[in-house]
Amino acid sequence: MNDFLSQVRLVADWLTSSQQWQGAEGIPQRLLEHLTYSGLSLLFAALIGLSLGLLVGHTGRGAFAVASVANLARSIPTFGLVVLVVTVVGLSTTPVLIALIALAVPPILINTFEGVRGVDPDARDAARGMGMTGWEVLLRVEVPMALPLILLGLRVAAIQVVATATVAAYPGLGGLGRFIVDGLARNDYELVIGGSAVVVVLALVVQVVFTALRRVIVSPGLRASAARS
Amino acid sequence: MIRFDAVSKKYPNGTNAVDDLSLEFPEGGITVLVGPSGCGKTTTLRMANRMVEPTTGTVSLRGRDIREVDAPELRRGIGYVIQHAGLFPHRTVLDNIATVPLLLGWGRKKARARAAELLELVGLPGEMAKRYPYQLSGGQQQRVGVARALGADPPVLLMDEPFSAVDPIVRGELQAEFIRLQKELHKTIVFVTHDIDEAIKLGDNIAVFQTGGILAQFDTPERLLARPADEFVADFVGRDRGIRRLSFVNAADVPLRDGPVLPDTTSVPEVRAGSADKPWVLVVDTDRRPLGWAAVAELPDSGTLADATLIPLGHTFSLVGDSGRAALDAALLSPSGLAVAVDGAGAVVGVTDAQELAAAMARDDAARDETVTDEAVTGEAAASAVVTGDGGTATRAVMSDE
Amino acid sequence: MSDGEPLVRWDWIGDHVGELAHYTGVHLQLGLLPVLFGLIISVPLGMLCHRWRWLYPPTLTVANVLYSIPSLALFMIFVRYTGLTEQTVMIPLTLYTLSVLVPNVVDGLASVPEPVRQAATAMGFTAVRRVVQVELPIAVPVVVAGVRVAAVSSISLVAVGQLIGQGGLGYYITRGLQLDFPTPIVTATVLIMLLALVTDAVLVLAQRLLTPWAQDRGKTA
């Protein structure tokens, strides 16, 4: 326990020392890099995952292909992919983005697809029967009803991306992983734990943001039935 | 209004959902499509708003082939109610009802005002407007489903087993409410059910389908019960169709006789003298309201009928509003075998018994036969639907369902 | 990577078959043992959450928070206690599986139809026997669906453990980077994917054999 407390103290000291909060090696700069990697890859992954998931869920065609692709993508070791792309194309942001997108697409895709496919067939039938066009059924009925699952997929993806973006530091890129990898190399435990703490806080913030988002954009009519968070 | 011309629906796997159906749904009336599962009744309904496209034949609405109309546009002008209501869980009750007006571009305020009106029309309190579907009972959800279908005041309503998913008591309430609504609205309604009782209760006309999408008979409920076109229909409407037919005999048309009716002030000796051959007398008060039956053999030696032990009536039937079926029921429950008819004020008008009721029904039939010959029933369809060989199989399937 | 260097040198693979097999074994152990431990924790925990519903939201929150801690960070935290050992990799991986396995155990138990539960009680099953002999078997498809997701992501995460010297096939990934030589990186990445996919296939097969009555393969989280 004493050991744990001393760890906390070390981290606190590290976090509060002013040198951590300025310059190209400081927390703000690293955080910005980290958020850039995460944000960009999440954006692209969402574009791919949402459009493909909505398309397949709405038409009901290609379900098996989607499941297979998602399964395959899920099996890719992100660490290996980042390092591989860096080795092949050289040190740049691209390899990180590619690897993180590959990581983030499956949960978004699968949840979007399952969410739309799982919409109560009676509601869909009623929507068509009242004269909604295909687009209206998708946008006014299927998407709002699938929203809890879609958000869950986005949240899982976001957390995985934020956590995994640390790996980018290993082949020499920036982001919060820098502290951890450098600390490890220099045997500077304070740096390792301090960097880790910042990532954990960031992941928790993402968690909180999605919980709040859910409160705001998911209809209260759905919250009671969709208990899984 | 809605007309099916030689319509067939075949599925790629070879099954015939609907087979060469020609049928016209009369304007302003409720046409019930009834039959065992797999008989094509729902497919028929769904062909009326292009949820299902026929393989051959044409469906027309007010003389216009519905294929000429863009499907979503067509559907916005036709109300649609389904078994589990299919409410949108993410929208409030009010917004559910406002769906079609909003699709038609009415503007939010006007659509909501209309929705509030409809909420009241289907008998739901205004405070339900802000609730979500999961907060409603099954019956309430179904009412919202009906209100939603009425959103843009469409002249036609398609209803697919709308009351099947609720318990019998709620179903009865919804049916009564539905009849009341229809009296007010005069919509052209196509109503699908598998329940022959519901069909007879609600339908102005009934189309009985049999497995394979064949129209077995299209008729009024009375004629369906009196003259089933074939074995299949006879079995489907049930063994008790004779009793059911009495529902369509007006109580006022039931022949009555005076019967042994005596005021409770009558003295016992007087009774014995006048009704020695009768086992029962009906005791009434000074306003001729019935008090009960007295067994003549068990009367006390002296006093008036007021001193006698009276046996309860069971129930009476009223010449105002009751049917022959209520009369028969009253006769069967009465200790004397006599049903007591009362007028609007509850005073005894006369009595009748089961035999007389049966005779009345036979006379009613004979009278109807004279008028029926040129009634525009789809005689061809009904005649072509007479099954010979395997009608028995279908029948057994129906019976085991019940 | 120097120009003209092919993505894969097949002769390198030929020279390292024995070594590759060794690391594959290590990798499998590092990836799958945590799933087993996770299952050992999740089944009773899920049963408790099923029995006392109020336990479920806080349990799920804790599991989700654990899941949101980056693997690299969690490895570092445990290095202090367990050193650069296999446990340091396996403990975090075990913790990660909880966020998938616990909900699937709870959902699996919830998927048991109420009439079945009542019939079992009416036939005289005690509560414990009912859970073990009736409810858990019925929950298997949903639980296995969770195990599949957990196993695949666990196998893929093991590689990161190489940063503390325990990464199974991850060894070739760091090695390839140091040597600027893509062949080992490609080989390791492909092998890890194959391991994940084969494990997934084995789990599907095992579930079919285990639950011949199930028509659906359960849902994936």
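Residue positions are given per chain, counted from 1 along the sequence in the order it is written. Here chains are named by letter from A upward and ligands by number from 1 upward, in the order in which they appear as written. Per-residue local features of the predicted model are confined to residues with pLDDT of at least 70, and side-chain atom pairs are confined, for both listing and counting, to 80 or more; whole-chain, interface and lining totals are unaffected and use all residues.

The next thing to look at is the overall build of chain B. What counts as a helix is a DSSP run of H or I of at least four residues, what counts as a strand is a run of E of at least two, and both are numbered from the N terminus. Within chain B, the regular secondary structure consists of 16 helices and 16 strands. Along the three orthogonal principal directions, the C-alpha set of chain B runs to about 85 × 55 × 35 Å. Here a residue counts as buried when 20 or more other C-beta atoms sit within 10 Å of its C-beta, as exposed when there are 12 or fewer, and as partly exposed otherwise, the C-beta atoms being derived from the backbone. Counting over 402 residues, chain B shows a buried share of 43%. A pair of residues counts as a contact when their C-beta atoms, built from backbone coordinates, are separated by no more than 7 Å. The contacts in chain B between residues at least 6 apart in sequence include a share of 64% that link residues at least 24 apart.

Turning next to the nonpolar core. The tendency in soluble globular proteins is for nonpolar side chains to be buried side by side. Ranked by internal contacts, the top residues of the largest apolar core, which has 208 residues, are A:Val82, A:Leu100 and A:Ala104. Ranked by the residues each element gives to this core, the list is headed by helix α7 (residues 134-164) of chain A, at 19 residues. Other than its neighbours up to four places away in sequence, A:Ala104 contacts A:Ser41, A:Leu42, A:Ala45, A:Ala157, A:Gln160 and A:Val161. Nonpolar core, as used here: buried Ala, Val, Leu, Ile, Met, Phe, Trp, Tyr and Cys residues forming one set through C-beta atoms within 7 Å. In this structure, B:Leu246, B:Trp293, B:Ala331 and B:Val342 belong to the second largest nonpolar core, which totals 30 residues.

Let us now look at the confidence of the model for chain B. Residues and elements named next belong to chain B. With 90% of its residues at a pLDDT of 70 or more, chain B has an overall mean of 84. pLDDT runs from 0 to 100 and stands for how confident the predictor is about each residue. Low pLDDT, under 50, characterises residues 372-402; the predicted model gives this stretch 36 contacts beyond four residues in sequence or across chains. What the predictor reports for the complex is a pTM of 0.76 with an ipTM of 0.81.

The interface of chain A with chain C comprises 35 residues on the first partner and 37 residues on the second. Listing elements by their share of the side of chain A that touches chain C, those giving two or more residues are α3 (63-74), α4 (78-89), α7, α8 (177-185) and α9 (189-217) of chain A. The residue makeup of the side of chain A that touches chain C, split by class, is 21 nonpolar, twelve polar and two charged. When residue character is reported, Ala, Val, Leu, Ile, Met, Phe, Trp, Tyr, Cys and Pro are called nonpolar, Asp, Glu, Lys and Arg charged, and the others, Gly included, polar.

To continue, consider the packing of α4(A) against helix α9 (residues 182-210) of chain C. Between N-to-C directions, angles cover 0 to 180 degrees, with each direction set by a line fitted to C-alpha atoms, over the stretch in contact for helices. One can describe the packing of α4(A) onto α9(C) by two numbers: an axis separation of 10 Å at closest approach and a directional angle of 155 degrees. The pairing of α4(A) with α9(C) is recorded here as roughly antiparallel in orientation. Where α4(A) crosses over α9(C), the two elements pack in a sense that is left-handed. Taking contact as the criterion, the partners of A:Gly80, A:Leu81, A:Val83, A:Leu84, A:Thr87 and A:Val88 in α4(A) are, on α9(C), C:Pro182, C:Ile185, C:Val186, C:Ala188, C:Thr189 and C:Ile192. To sort the angles, those under 35 degrees are grouped as roughly parallel, those over 145 as roughly antiparallel, those from 65 to 115 as roughly perpendicular, and the leftovers as oblique. By the definition used in this description, the sense in which the near helix is turned from the far one sets the handedness, with an anticlockwise turn below a right angle giving left-handed and a clockwise turn giving right-handed.

This brings us to the arrangement of the chains. Comparison of the two pairs of chains in contact shows the highest number of contacts for chains A and C. Here chain B and chain C are not in contact; the least distance found between their C-alpha atoms is 20 Å.

With that settled, the discussion passes to the interface of chain A and chain B. Each partner contributes residues to the interface: chain A has 20 residues there, and chain B has 20 residues. Of all the secondary structure elements, the ones that give two or more residues to the side of chain A that touches chain B are α6 (121-129), α7 and α10 (220-223) of chain A. By residue number, the principal contributor to the side of chain A that touches chain B is α6(A), which donates six residues.

The next point concerns the domain arrangement of chain B. The start and end points of each domain follow an automatic or database-based domain assignment. Its domain assignment divides chain B into domain 1 (2-243 + 377-401) and domain 2 (251-359). The centre of domain 1 of chain B, based on its C-alpha atoms, is set 44 Å off from the matching centre of domain 2 of chain B.

Let us now look at the sheet that holds strand β11 (residues 261-263) of chain B. All names here are of chain B. Pairing between strands requires that DSSP locate at least two bridges from one strand to the other. Read from one edge of the open sheet, three strands run β11-β12-β13, paired in mixed fashion. Of all the strands in the sheet, the pair left with one neighbour each is β11 and β13 (290-295). This sheet shows a mean twist of 35 degrees between the axes of neighbouring strands, independent of strand direction. For β11 and strand β12 (residues 280-284), the ladder comprises three bridges, and the chain directions are parallel.

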